[in-house]
Structure formats: C-alpha cells, structure tokens
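Architecture and fold: a report
Spelled out from the first residue to the last, the chains are:
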Amino acid sequence: MLNKITEIVKEAGKIILSAHNQENTVTAKEGKKNFVTKYDVAVQEFLFKELGKAFPDAQFIGEEGENDFSTDGLRFIIDPIDGTTNFMQDYRCSCISVALCNNNDVIAGVVYNPYTDELFSAEKGKGANLNGNRIKVSERPLSDGLALFGTSPYHPENTDETFALLRKVFDFSRDIRRSGSAAYDICTVACGRCEVFFEKGLQPWDIAAGTLILKEAGGVALNYQGREISFSAPNDVVFANPKAYKEFITLL
Ligand code: IPD
Ligand code: CA
Ligand code: CA
C-alpha cells in the first residue's frame, strides 16, 4: 500500500520540480495572501487520478476544491503543495502531503519534499521512515531545543495570540524557526531535528499525513486543549517529542 502511494507521490514531485515562472501562474486568490497556482491544481489532479486508479474504493479530500468531510470508510486527505507561497517565490521548501484514512484514523501517510528528495512515510503500527530509514523524535528538552511555528497571513485573527506565545517559546528554547510548510515542520520534529511545532487553525490536509508520521516516530500530536486532532475540521495543534511537549504546555 505504502509503496504504491510513494511511487505516485514521487512522480507528482516531478511536476513541482518542472515548474517555472510560478508567480505568474496564480489562478485564484482568496483575500490578500491566499494563493493557488496552476501547479497546485495540476498536482492535485494527478494525485486524484493516479491514486484513484490504484485505490478504486477510496474517496478524496484535497485542498483545491469542494470537500465532503462527512464520508466514512477509506479516504485520501491531500495537500498537493504545502508551502504555496514558498513555491511561488521559488524558496524551495514545499511538500506534497498524502494521508490515507479509514474514518478518522490515518492508516498511511507520505510527506515528500521534492527539492531535497526527502520522503517521510509511515504505516500505522509499523514505525516511520525517511527515505526508507527508520526515524524517531529527539530526546532533547525544549529548553535545549528548536521550536517551529506557523501562523497563516490569511488568518490575521490568530496573529497576536501566536506571537505572544512565540515570544515565550523563544525565551524558553534554544531558538525558533518558520519553514512555510506545516507538513515539513511536523516531519522535521518526527526525525529529531527540532523539538516542537505549533500552529493555530491548520486544516486536515496540512497535518493528516504528518500526524501519523510523528506518532509512529514516538512523538505527541494533540490540539491546544490536549485532545486528539480531528481530520474533519481546523485544529490548533502541537507536535513534539514527549519531553518537549510537557514543557511546551506550561507556556500555553
Ligand atoms: C500553509 C503552510 C504554512 C502554514 C499555513 C498553511 P499552504 O499551507 O503549511 O506553513 O503556516 O497555515 O496554510 O497554503 O501553503 O498549502
Ligand atoms: Ca497546506
Ligand atoms: Ca496547499
């Protein structure tokens, strides 16, 4: 199952790498800072088509289009390009995120950064890998670690709260980072390069694959209230190694 998804996602990565003049391919714009390029649409169409052939019983949820979250059974939750602003400016840090779910349970997840050729993957109960090698979260406490955060410019209502929390995290930790791709941030914690990632209002397609990868790597993935993450609605989320999680929640 994972091999087939991986093969298709890697193929889709070639569409991202072949892109040129991305900023001039913006096809839709919601508000001041939420963009869609023709490549977001092309990658999603490719994934729906190829995954649909390989998994004919599965339903599809993808960022680019109308979605029905009420469906049961097998479904893919897909972000064709996580990090569209990075992509538009050729910042070269964007990922494809594909999760296969059974109801609200993610059973397989793949996050692929085509620029670095890093492919993070996990199957429920079978551990997490980076390019086929087992990964696990770090044992560093947040006080000696790196914290990642996100806050979307198209949700200005979250800015003040996030930056107030970030200030506390900055003082407490070794340093902070912001990549511009939530899926990549979660995987960066999963492979032990960083200790915590937090962001308000993330959508199921940003986090579904990463949540499984992080948990299979021994990490904690919960919402700000300490409850399980929903894959049918936006979430305020924390992804961390267990030690860093305990420190982080004292700052919330
Ligand atoms: C965005 C990225 C970003 C995060 C935003 C997301 P998109 O996804 O993951 O890091 O801060 O909240 O919306 O729009 O590039 O797919
Ligand atoms: Ca996204
Ligand atoms: Ca996207």
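Computed from a predicted structure; not experimentally measured.

Some remarks on the site of ligand 1
- With respect to spatial proximity, 16 residues lie near ligand 1, and among them Asp 82, Gly 83, Thr 84, Tyr 154 and Glu 199 are the closest.
- Contacts to ligand 1 include Tyr 154, whose side-chain N or O atom sits 2.7 Å from an oxygen atom.
- A distance of 3.2 Å is found between an oxygen atom of ligand 1 and a backbone nitrogen or oxygen belonging to Ser 181.
- For ligand 1, whose accessible area on its own is 380 Å², the fraction buried by protein is 91%.
- For ligand 1, the cavity whose grid points lie within 2 Å of the majority of its atoms is the largest pocket.
- Sorting the residues of the shell around ligand 1 by element identifies strand 4 (74-82) and strand 12 (196-202) as the ones contributing at least two each.
- Here the element with the most residues in the shell around ligand 1 is strand 4; it accounts for three residues.
- A breakdown of the residues in the shell around ligand 1 according to their chemical character gives four nonpolar, six polar and six charged.
- Shared between two domains, the shell around ligand 1 holds at least three residues of each, these being domain 1 (2-135) and domain 2 (142-248).

Description of the nonpolar core
- Of all hydrophobic cores here, the largest spans 40 residues; its most connected members are Phe 120, Ile 135, Ile 213 and Phe 239.
- The residues that make up this core include at least three from each of domain 1 (2-135) and domain 2 (142-248).
- Counting 25 residues, the second-largest nonpolar core is a separate cluster that includes Ile 5, Ala 12, Phe 55 and Ala 58.

Describing the layout of surface pockets
- Empty space within the largest pocket amounts to approximately 900 Å³.
- Residue lining of the largest pocket: 37 residues in total, with Asn 34, Glu 63, Thr 85, Ser 152 and Tyr 154 positioned closest to the centre.
- When contributions to the lining of the largest pocket are tallied by element, the ones reaching two or more residues are strand 1 (26-30), strand 2 (34-37), strand 4, helix 3 (84-88), strand 12 and helix 6 (204-216).
- At four residues, the largest contribution of residues to the lining of the largest pocket is made by helix 3.
- Its residues assigned to classes, the lining of the largest pocket comprises 11 nonpolar, 15 polar and 11 charged.
- Each of domain 1 (2-135) and domain 2 (142-248) accounts for three or more of the residues forming the lining of the largest pocket.

What to know about the sheet that holds strand 11 (residues 175-177)
- In space, the five strands of this open sheet follow the order 11-10-12-14-13, with mixed pairing throughout. Edge positions in the sheet fall to strand 11 and strand 13 (220-223), since each has one partner strand and no second. Neighbour to neighbour, the strand axes of the sheet diverge by 20° on average, direction disregarded.
- Sheet topology places strand 10 (residues 146-150) next to strand 11; three bridges connect them, and they run parallel. If you follow Leu 148 over to strand 11, its bridge partner there is Arg 177.
- The strands touched by helix 5 (residues 182-190) within the sheet are strand 10, strand 12 and strand 14 (235-240), with strand 12 carrying the most contacts at an inclination of about 150°.
- Across the face of the sheet, helix 6 comes into contact with strand 12, strand 13 and strand 14 while running at roughly 25° to strand 14.

Comments concerning the environment of Phe 48
- Mapped onto the secondary structure, Phe 48 falls in helix 2 (residues 38-54).
- A relative accessible area of 26% places Phe 48 in the partly exposed class.
- When the C-alpha positions of Phe 48 and Ile 229 are compared, they lie 24 Å apart, and in sequence the two are 181 residues distant.

Re the coordination of the calcium ion (ligand 2)
- Coordination of the calcium ion (ligand 2) by the protein comes from Asp 79 (OD), Asp 82 (OD) and Asp 206 (OD), over a distance range of 2.1 to 2.2 Å.
- Each donor residue of the calcium ion (ligand 2) lies on the same chain, and together they follow the pattern D-x2-D-x123-D.
- Here the calcium ion (ligand 3) and the calcium ion (ligand 2) are spaced 3.8 Å from one another, each receiving a donor from Asp 79. Per residue, the accessibility class of Asp 79 equals that of Asp 82, and both read buried.

The rules we used
Residues numbered from 1 in each chain as written. Chains lettered and ligands numbered in written order. Predicted model: local features only at pLDDT ≥ 70, side-chain atom pairs only at ≥ 80, totals over all residues. Heavy atoms only, no water. Near = heavy atom within 4 Å. Polar contact = N/O pair within 3.5 Å; in protein donor to acceptor, adjacent residues only side chain to side chain. Areas by Shrake-Rupley, 256 points an atom, 1.4 Å probe, with all protein chains shown as cover. 1 Å grid on protein atoms, 1.4 Å probe; cavity = no way out; pocket = protein on both sides within 12 Å on 5 of 7 lines; lining within 4 Å. Sits in = over half its atoms within 2 Å of the grid points. Helix = DSSP H or I, 4+ residues; strand = E, 2+ residues; numbered from the N terminus. Nonpolar A, V, L, I, M, F, W, Y, C, P; charged D, E, K, R; others polar. Domains from an automatic or database assignment. Core = buried A, V, L, I, M, F, W, Y, C linked by side-chain atoms within 4.5 Å. Buried < 20%, exposed > 50% of the residue type's maximum accessible area, 1.4 Å probe, protein only. Points joined across faces, edges and corners; volume = space filled by probe spheres on them. Pairing = 2+ DSSP bridges. Axes fitted to C-alpha atoms, helices over the stretch in contact; angles between N-to-C directions. Contact = heavy atoms within 4.5 Å. Donors = N, O, S within 2.8 Å, 3.2 Å for Na, K, Ca; no water.

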